[in-house]
Amino acid sequence: MLVKNKHSTEVNAVIELNGEDDTRGNAADRADMYRMGKAQEMRRNFRFLSIFGFSMTLMASWEFSLSVSTIGLINGGTAGLIWMFFICWIGFLLVNTSMAEMASMAPTSGGQYHWISEFAPPQYQKFISYLMGWACVLGWQTSCASSAFIAGTQIQGIIVLNYTGYVPEPWHGTLLTVAVAAFSVLFNTLFAGKLPLIEALTLVIHIFAFFGILITLWVLSPRADAKAVFTEFSDGGGWGGLGGSTLVGVLAGVLPLLGADAAVHMSEELRDASRTLPRSIIITTLFNGALGWIMVITFSFCIGDLGEVIESPTGYPFMQVFYNSTQSASSATAMSVFIIAMTVFSNLTMVATSSRQLFAFARDHAIPFGRWFSEVKRGWDVPLNSILTTFVISSLLSLINIGSAVALNSITSLATTSLLSSYIVSTGCMIWRRWTDSLHLPSKFSLGQWGLAINIASEVFLVIIFILAFMPSNPNPTPAEMNWNIVIFSGASLFSLVYYFLRGTHNYKGPVAYVRTSE
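Owing to the predicted nature of the structure, the values given are computational and were not obtained by experimental measurement.

A. Region of the structure containing the overall build of the protein. When helices and strands are tallied, the protein shows 24 helices and zero strands. In summary, the protein has a C-alpha radius of gyration of 23 Å against a globular reference of 24 Å for 519 residues, a match within 12%. Across its three principal axes, the protein shows a C-alpha extent of roughly 70 × 45 × 45 Å. When the 519 residues of the protein are sorted by exposure, 58% land in the buried category. Taking all contacts inside the protein whose residues are at least 6 apart in sequence as the whole, residues at least 24 apart take part in 81%.

Okay, here's the thing in structure tokens:
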């Protein structure tokens, strides 16, 4: 149950004793950690600019909108790609605003599963938070593998662009994926203290590269007719209707805007987290969504021959568009390098996020070898074992690509549905709290009287895209074209359910059990 803290005198004494220092954060940070019953084990090196850069880099919306544009171009065409992205932007603005309020109430690395533990009906807190904790761990771990794989195959695309005789082999992509994952681990361990500075610098690249590529496309690319770009939908997947096909292509708008909760999982390394987190989450969604939509519109105007672009030997339509616009492999390569660099840096931030999520869940005794995963070694100030585990998982998943890229894509698509499910449940808990007028925590960011409406609108949007995320690209898929996400998601859910009854129910109490409350 959520109730007011009766230990305010003790908290004030602790605050007065320790003063202000970078390790423990400010008074509000220490009060939040004390209320949640958590020890401060990592340094609070992040400030607003660095956590804003962290979130912007991880989502990399305009870069990923180019990388996954094929999904929307096949199902929906240019009009579908543009308008589905816009709808997703508005939808995620509502969703992330809801999460911003929860983050302000409980700024912890646990994120969604911690919120569910505190906000869900008491009889279901333990069970639901446990399942969603597993969903978050699986979601972020597979996100790391997915982004590393995208970066690796983009590097292959660059090689194809410059060397026509090169035949991209699956094992080449696997080695490049492992290399990207190793680079991310290197930065998250040896240079962990410099991560806030790195994120601020990558934010500069993120913004300046956007304008550089945008202006180049505006100046050099052939222009399509505006009416055709904005109003002509297509059913390339063969669904038999423009509306159904366009809805299936919605993932081209979902993927670039997913992952705003990343900043939450870094909250125990952020100064004044309860105030800074909501600002960062909302501003990131506004700016990344705007940049992404502008880039999607520009890209749609510059595509030219849609068939040629989709069938590009590079594997990525944006590389073909860059080449067609500049008529130079070198220029197209220079433009593509910025996309690849931001994908690599996005993976770097995902490794940081996923390792903190794993650390938090292990700290709450939810997984095997929890003490080992949650250990923060003295002098490192990061959960080193969780970071190394993230690297191992990404490397092992990349091996699947040698046998089947389709199988790897199906596994990494688990990231989308897993994270969406955690958003759905945590937002649902807030709806229940508001609907029943149950007591909830005060926060430095509150939705006030608009809270229930925003939460319900967020939930409706999330449920719709969650269902659509399981759809294949066409109604009669071959085994190679099938979206096996439903099978993998169900299997992962069944595993976490079985493990809960075998071990979890005995070891896991849920974060709410450690919260300091009054009678």
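B. Examining the side chain of Asn-26 more closely. With respect to the helices and strands, Asn-26 occurs in the loop between helix H1 (8-18) and helix H2 (27-36). For Asn-26, a relative accessible area of 14% puts it in the buried group. Engagement of the side chain of Asn-26 in a polar contact is seen with the backbone nitrogen of Ala-28, the distance being 3.2 Å.

C. How the structure looks around the confidence of the model for the protein. Here the protein shows a mean pLDDT of 87. Residues at 70 or above account for 95%. When the criterion is pLDDT under 50, residues 1-19 qualifies, and its contacts beyond four places in sequence or with other chains add up to 32 contacts.

D. Representation of the packing of helix H17 (residues 317-326) against helix H18 (residues 329-363) within the structure. Contact geometry for H17 and H18: axes closest at 8 Å, N-to-C directions at 145°. Crossing geometry of H17 relative to H18 is assigned as right-handed. Counted together, Phe-318, Met-319, Phe-322, Tyr-323 and Thr-326 of H17 and Ala-329, Ser-331, Ala-332, Met-335, Ser-336, Ile-339 and Ile-340 of H18 form the full contact between these two elements. Considering only residue class, the contact of H17 with H18 consists of nine nonpolar, three polar and no charged.

E. View of the packing of aromatic side chains. If you walk through the whole model with that rule in mind, you get 33 aromatic pairs. Both rings, one in Phe-46 and one in Phe-54, keep their centres 5.9 Å apart while their planes meet at 85°; by these two values the pair is edge-to-face. Overall, Phe-46 belongs to the buried group, its relative accessible area being 2%. On the accessibility criterion, Phe-54 (0% relative accessible area) is buried. Both rings, one in Phe-318 and one in Phe-322, keep their centres 5.5 Å apart while their planes meet at 65°; by these two values the pair is edge-to-face. Taken together, the residues span about one helical turn, with Phe-318 and Phe-322 both in helix H17 at a distance of four residues. In terms of burial, Phe-318 and Phe-322 fall into one category: buried. Taken together, Tyr-113, Phe-127, Tyr-130, Trp-134, Phe-361, Phe-495, Tyr-499, Tyr-500, Phe-501 and Tyr-508 form an aromatic cluster joined through their ring pairs. The ring of Phe-48 is capped by Arg-279, whose NZ or CZ atom sits 4.3 Å from the centre of that ring.

F. Region of interest: unusual backbone geometry. We note that Gln-327 has phi near 55°; this positive angle belongs to a residue other than glycine. Phi at Phe-369 is positive, roughly 55°, even though this residue is not glycine. Looking at where Phe-369 falls in the secondary structure, it is placed in the loop between H18 and helix H19 (370-373). By relative accessible area, Phe-369 is classed as exposed at 68%.

G. Structural detail: the pattern of salt bridges. Scanning the entire structure with this criterion turns up eight salt bridges. For Asp-272, the salt bridge identified is with Arg-275, shortest N-O distance 3.4 Å. Residue Asp-272 is classed as buried on the basis of its relative accessible area of 16%. Where salt bridges share partners, they join Asp-272, Arg-275 and Lys-444 into one cluster.

H. Local environment of the environment of Gly-237. Structurally, the position occupied by Gly-237 is in the loop between helix H11 (226-231) and helix H12 (242-248). On a C-alpha basis, the gap between Gly-237 and Val-309 in space is 16 Å, while along the polypeptide they are 72 residues apart. For Gly-237, the residues in contact, after removing those within four places along its chain, are Ile-74, Asn-75, Ser-245, Ser-473, Asn-474 and Pro-475.

I. Up close: H18. Taking 1.5 Å per residue as the helical rise, H18 with its 35 residues ought to reach 51 Å, and the 50 Å between its terminal C-alpha atoms agrees with that figure. Of all 35 residues making up H18, 28 are buried, and the element is well covered by its neighbours. Where H18 starts, the residue carrying a side-chain oxygen 3.4 Å from the main-chain nitrogen of Ser-330 turns out to be Ser-328. Just downstream of H18 lies His-365, where phi reads positive at about 60°.

J. Structural view of the packing of helix H20 (residues 384-403) against helix H21 (residues 405-412). Taken N-terminus to C-terminus, the directions of H20 and H21 make an angle of 145°; their axes are 6 Å apart at the nearest point. Contact residues: H20 offers Leu-397, Ser-398, Ile-400, Asn-401 and Gly-403, while H21 offers Ala-405, Ala-407, Leu-408 and Ile-411. Residues belonging to the contact of H20 with H21 are distributed by class as follows: six nonpolar, three polar and no charged.

K. How the structure looks around helix H24 (residues 485-507). Where H24 bends most, at Tyr-500, the angle is about 60°. When we look at burial in H24, the residues that qualify are Asn-485, Phe-489, Ala-492, Ser-496, Tyr-499, Tyr-500 and Gly-504. Considering only its buried residues, H24 is in contact with helix H8 (125-162), H21, helix H22 (414-435) and helix H23 (451-468).

L. Focus on the nonpolar core. Counting residues in hydrophobic clusters, the biggest one holds 132 residues, and the most contacted among them are Trp-62, Phe-92, Tyr-130, Phe-322, Phe-361 and Tyr-423. No other element matches the 15 residues that H18 contributes to this core. In this structure, Ala-145, Phe-149, Leu-408 and Ile-411 belong to the second largest nonpolar core, which totals five residues.

M. Local environment of the environment of Val-219. Structurally, the position occupied by Val-219 is in helix H10 (residues 195-220). Between the alpha carbons of Val-219 and Ser-325 there is a distance of 8.9 Å; along the sequence they are 106 residues apart.

N. Representation of a nonpolar patch on the surface within the structure. On the surface, Val-204, Ile-207, Phe-208, Phe-211, Ile-215, Trp-218, Val-219, Leu-220 and Ile-294 cluster together to form a nonpolar patch covering roughly 860 Å² of accessible area. Considering each element in turn, the nonpolar patch owes the most residues, eight residues, to H10. By the secondary structure assignment, Ile-207 is in helix H10. According to the relative accessible area criterion, Ile-207 is partly exposed, its value standing at 32%.

The rules behind each value
Each residue is numbered by its place in its chain's sequence as written, counting from 1. Reporting of local features is limited, given that this is a predicted model, to residues whose pLDDT is at least 70; pairs of side-chain atoms are given and counted only at 80 or more, and all residues count toward the totals for whole chains, interfaces and linings. Side-chain numbers come from the whole structure's heavy atoms, not from hydrogens or water. Helix and strand assignments follow DSSP, with helices taken as H or I runs no shorter than four residues and strands as E runs no shorter than two, numbered in order from the N terminus. Put simply, the radius of gyration uses C-alpha atoms, and a globule should come to 2.2 Å times the residue count raised to 0.38. Type-normalised accessible area, obtained with a 1.4 Å probe on protein chains alone, sets the label of each residue: buried when under 20%, exposed when over 50%, and partly exposed for intermediate values. Contact between two residues is taken to exist if any of their heavy atoms lie within 4.5 Å; hydrogens are not considered. Polar contact is defined as a pair of N or O atoms within 3.5 Å, subject to the rule that within protein one atom must be able to donate a hydrogen and the other to accept it, and that residues adjacent in sequence are counted only when both atoms are side-chain atoms. For every residue, the predictor states its confidence as a pLDDT score lying anywhere from 0 to 100. To obtain each axis, a line is fitted to C-alpha atoms, and for helices this fit is confined to the stretch in contact; angles are then taken between N-to-C directions over 0 to 180 degrees. The crossing is said to be left-handed when, going from far helix to near helix, the turn is anticlockwise and less than a right angle, and right-handed when the turn is clockwise. Charged residues are taken to be Asp, Glu, Lys and Arg, nonpolar residues to be Ala, Val, Leu, Ile, Met, Phe, Trp, Tyr, Cys and Pro, and polar residues to be all remaining types, Gly included. Only Phe, Tyr and Trp rings are paired, with Trp represented by its six-membered ring, and only when their centres lie within 6.5 Å; those with planes under 30 degrees apart are stacked, over 60 edge-to-face, the remainder tilted. Only when the NZ of Lys or the CZ of Arg is both within 6 Å of the ring centre and within 35 degrees of the ring normal is a charge said to sit over the ring. Here a salt bridge means any side-chain nitrogen of Lys or Arg lying within 4 Å of a carboxyl oxygen belonging to Asp or Glu. Between the first and last residue of a helix there are one fewer steps than residues, each counted as 1.5 Å, and that sum is the expected span. What the bend at a residue measures is the angle between two axes, fitted to the seven residues ending there and to the seven starting there. To form a nonpolar core, buried Ala, Val, Leu, Ile, Met, Phe, Trp, Tyr and Cys residues must be joined to one another through side-chain atoms within 4.5 Å. The patches reported here contain residues having more than 30% relative accessible area and no salt bridge. Joining distances are 9 Å for like charges and 5 Å for nonpolar side chains (Val, Leu, Ile, Met, Phe, Trp, Tyr). Computed with the Shrake-Rupley method and a 1.4 Å probe, the accessible areas treat only the protein chains shown as cover for residues.

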